[in-house]
Amino acid sequence: MTDIDFDRYDRIRPIRWTGDALELLDQRRLPFQVEYVRCGDSDAVAAAIHALTVRGAPAIGIAAAWGAVLAAREVEAADGVAALAALEPALQRLNAARPTAVNLAWALARMRGALAGAGADWRARLEREAQAIAEEDLAANRRMGALGAALIAPGSGVLTHCNTGSLATAGFGTALGVIRAGVAQGRIDRVYAGETRPWLQGARLTVWELEQDGIAPTLIADAAASHLMKSGQVQWVVVGADRICANGDTANKIGTYQLAIAARHHGLKFMVAAPSSTVDMATPSGDAIEIEERDPGELFGVGGVRTAAENVGAWNPVFDVTPHELIDAIVTERGVIERPDAAAMRAAFPG
Ligand SMILES: CSC[C@H]1O[C@H](OP(=O)(O)O)[C@H](O)[C@@H]1O
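Only a predicted model underlies this, so the values are computations on that prediction, with no experimental measurement involved.

Side note on the pattern of salt bridges
Move 1: All told, the structure shown has 17 salt bridges when counted by the stated rule.
Move 2: A salt bridge links E23 to R16; the nearest nitrogen and oxygen atoms lie 3.1 Å apart.
Move 3: For E23, a relative accessible area of 22% translates into the label partly exposed.
Move 4: Of the residues examined, R16 reaches a relative accessible area of 37% and is grouped as partly exposed.
Move 5: For E292, the salt bridge goes to R294, with nearest N and O atoms at 2.8 Å. An identical accessibility class is assigned to E292 and R294; each is buried.
Move 6: Because the salt bridges share partners, they merge into one network encompassing R98, E292, R294 and E298.

Structural data, given as structure tokens:
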């Protein structure tokens, strides 16, 4: 199979550290405006994560890590132990920005760990740790892309949901990295992207990302997914994850669960691609995952056009849980877990 020209397929960087501030590509404005917003302190980063200025499980972990670096400039401490105590309120505010993606808490735990044993140079240690988290994520995505693409037979069609690309990570993407690798290797002929209401990560972000690569996706309404699967044009559904539990149950963007049900009904394969930073072995199953519910107002407008009358009752959970029984493969940078269950997860993530 041809090698993957990673640089060709990965020119978007949603997160930029300037040395004294964090610049975030404002994903609320894409694809119509390409604008970066500047976060000069940790609370601005927390607000940006909550507002989805930056979004995507790995990306919010990386942003929070840089938020901790900014918080370090807001406190005085002689060493790592004193810094840990002084930083904790800011780290808690960063952690509270969104509840479902485990990457946020995972990144902040990495930053706390970097302080252990640190001396007067603890701020520099934090900055190195944030940089390492971002670099490790990019490397993980590129390895995951190759591992996931290898499962896909040449001539395949793939459906993806939400945005799991460079915009949601340090680069290349998770599920979108598998798709980029699969297209590069001639395995994937057709890419379908679900619009992903209500926030339209698919229509606004995934389509834009793939067009930057010269990959022409076919956009579909979320409601068209089962009909597409029935057509025989798609062989795999490939999605990302926000939290993968100890038994393989997976939280991901709302709408993923019904894609998994339809895929199983139509005999399609269902792949979850996520870095090991998304695996949460401390959560036994999907029932224990906190599902973020956002402002119902996100349901009422699309591109400035109202989609419902005022004061309509609405419910806006933005994630759901796919039971492991409906997942054919979980792909992380450590390898492929076929037919995931608690035993397979323990074998892959022994502790
Ligand atoms: C590799 S991104 C993982 C995950 O994050 C997205 O959620 P959101 O856009 O709300 O941050 C979506 O669930 C992606 O699959």
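Digging into the site of the ligand
Move 1: As a structural note, the neighbourhood of the ligand is formed by 17 residues, with G56, R98, D242, N252 and K253 the closest of them.
Move 2: Between A57 and the ligand, the recorded distance is 3.4 Å, taken from a backbone N or O atom to an oxygen atom.
Move 3: Here an oxygen atom of the ligand and a side-chain polar atom of N252 are 2.5 Å apart.
Move 4: When the ligand sits alone it has 400 Å² of accessible area, and the protein chains cover 99% of it.
Move 5: Looking at the shell around the ligand, the elements with two or more residues in it are helix 2 (57-71) and strand 9 (250-253).
Move 6: Here the residues of the shell around the ligand are counted per class, giving six nonpolar, seven polar and four charged.

Notes on the sheet that holds strand 11 (residues 279-280)
Move 1: If you trace the four strands from one edge of the open sheet to the other, you get 11-8-9-14, paired in mixed fashion. Sheet topology places strand 11 and strand 14 (319-322) at the edges, where each strand pairs with a single neighbour.
Move 2: Here strand 8 (residues 243-245) runs beside strand 11; their pairing, made up of two bridges, is parallel. Across the sheet, residue I244 finds its bridge partner in strand 11, namely V279.

A look at the UniProt feature "binding site: substrate" (unreviewed entry) in the protein chain
Move 1: Sequence positions flagged by UniProt for "binding site: substrate" (unreviewed entry) are, in local numbering, R55, G56, A57, R98, Q201, N252 and K253.
Move 2: Along the chain, the position of Q201 falls in helix 7 (residues 201-212).
Move 3: Take Q201: its relative accessible area is 4%, and that puts it in the buried class.
Move 4: Filtering out sequence-adjacent residues up to four positions away, Q201 remains in contact with R55, C162, N163, E195, T196, T206 and K253.
Move 5: Positionally, K253 belongs in strand 9.

Each value, and the rule that gives it
- Residues numbered from 1 in each chain as written.
- Predicted model: local features only at pLDDT ≥ 70, side-chain atom pairs only at ≥ 80, totals over all residues.
- Heavy atoms only, no water.
- Salt bridge = Lys/Arg side-chain N within 4 Å of Asp/Glu carboxyl O.
- Buried < 20%, exposed > 50% of the residue type's maximum accessible area, 1.4 Å probe, protein only.
- Near = heavy atom within 4 Å.
- Polar contact = N/O pair within 3.5 Å; in protein donor to acceptor, adjacent residues only side chain to side chain.
- Areas by Shrake-Rupley, 256 points an atom, 1.4 Å probe, with all protein chains shown as cover.
- Helix = DSSP H or I, 4+ residues; strand = E, 2+ residues; numbered from the N terminus.
- Nonpolar A, V, L, I, M, F, W, Y, C, P; charged D, E, K, R; others polar.
- Pairing = 2+ DSSP bridges.
- UniProt positions renumbered as here; feature names shortened; annotations may be inferred.
- Contact = heavy atoms within 4.5 Å.

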